[in-house]
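Letter by letter, the chains look like this.
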Amino acid sequence: MDSQELDKRRSIIAHCLSMNALGINQGTSGNISVRHNEGLLITPTSYAYDKLEPEDIVFLQLDGAALGRRAPSSEWRFHCDILRARPDVNAIVHTHPTYCTVLAIMGRPIPAIHYMIAAAGGPEIRCSPYAIFGSQALSNHAVEALVDRKACLLGHHGMIAVGSTLEKAMWLAVEVETLARQYHGCLQIGDPPVLSDGQIADVAAKMAGYGLQD
Ligand code: 13P
């Protein structure tokens, strides 16, 4: 393994630990991947993050063929399919954050209640229909819900955030959970007013280059 690959494996482990410390995931319910050579590096399935060593991260070809001492995340299908469908994406964070998951259980996309939704790529963060974890149906739903977006909710399941780097994907995951918490709060009071598509387009134009900087 060269030093670049070792750095990516270490970074995946550090981000696994930080997504739990940040409160956007619990236990081993999430998974992370980073594009690498002609495939990707991905977390192993059901393995405690605080025990992870670089050698536990699995290399997958984009067709799902695995190389490593552990089995890949059960969600390897959508990690492979998103990276195949989206050349702009190099990293994927999947978690079960509480407020995103509450909305996903209720089948509610996040509307443009706050201008920061533009960071996810448009005026709405979609919620895909339910499909059992690890399935091709779930992967198909995820790819579709992410068209022109960098985040989506997964019905009765959780959330996906993507980015050109793992740092950006993780930053967005925190922002999306914040939006979900804000929307949940608004719903306690009533039916919140939303910003128009034009207002979100203006924010997107002004935001170009905003967000986590390289
Ligand atoms: P893994 O432990 O297999 O990554 O699965 C957790 C999960 O999120 C299933 O949706």
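Above this text sits the structure in question.
Definitions and cut-offs
- Residues numbered from 1 in each chain as written.
- Predicted model: local features only at pLDDT ≥ 70, side-chain atom pairs only at ≥ 80, totals over all residues.
- Heavy atoms only, no water.
- Near = heavy atom within 4 Å.
- Polar contact = N/O pair within 3.5 Å; in protein donor to acceptor, adjacent residues only side chain to side chain.
- Areas by Shrake-Rupley, 256 points an atom, 1.4 Å probe, with all protein chains shown as cover.
- Nonpolar A, V, L, I, M, F, W, Y, C, P; charged D, E, K, R; others polar.
- Axes fitted to C-alpha atoms, helices over the stretch in contact; angles between N-to-C directions.
- Helix = DSSP H or I, 4+ residues; strand = E, 2+ residues; numbered from the N terminus.
- Parallel < 35°, antiparallel > 145°, perpendicular 65-115°, else oblique.
- Left-handed = near helix turned anticlockwise from the far one by under 90°.
- Contact = heavy atoms within 4.5 Å.

Caption draft 1: Representation of the site of the ligand in the model. Lining the immediate environment of the ligand, one finds 13 residues, of which S29, T45, S73, S74 and E75 sit closest. A distance of 3.4 Å separates an oxygen atom of the ligand from a polar atom in the backbone of T28. Contact distances for the ligand include 2.8 Å between an oxygen atom and a side-chain N or O atom of H157. In the complex, 92% of the free accessible area of the ligand, which totals 310 Å², lies under the protein chains. Here the residues of the shell around the ligand are counted per class, giving one nonpolar, 11 polar and one charged.

Caption draft 2: Inspection of the packing of helix α3 (residues 98-105) against helix α5 (residues 166-189) at higher detail. For the pair α3 and α5, interaxial distance at closest approach is 7 Å and the crossing angle is 60°. In terms of their interaxial angle, α3 and α5 are classed as oblique. Considering the relative orientation of α3 and α5, their crossing is left-handed. For the pair α3 and α5, contact is made by T98, Y99, C100, V102 and L103 and by V176, E177, A180, R181, Y183, H184 and L187, respectively. A per-class count over the contact of α3 with α5 returns eight nonpolar, two polar and two charged.

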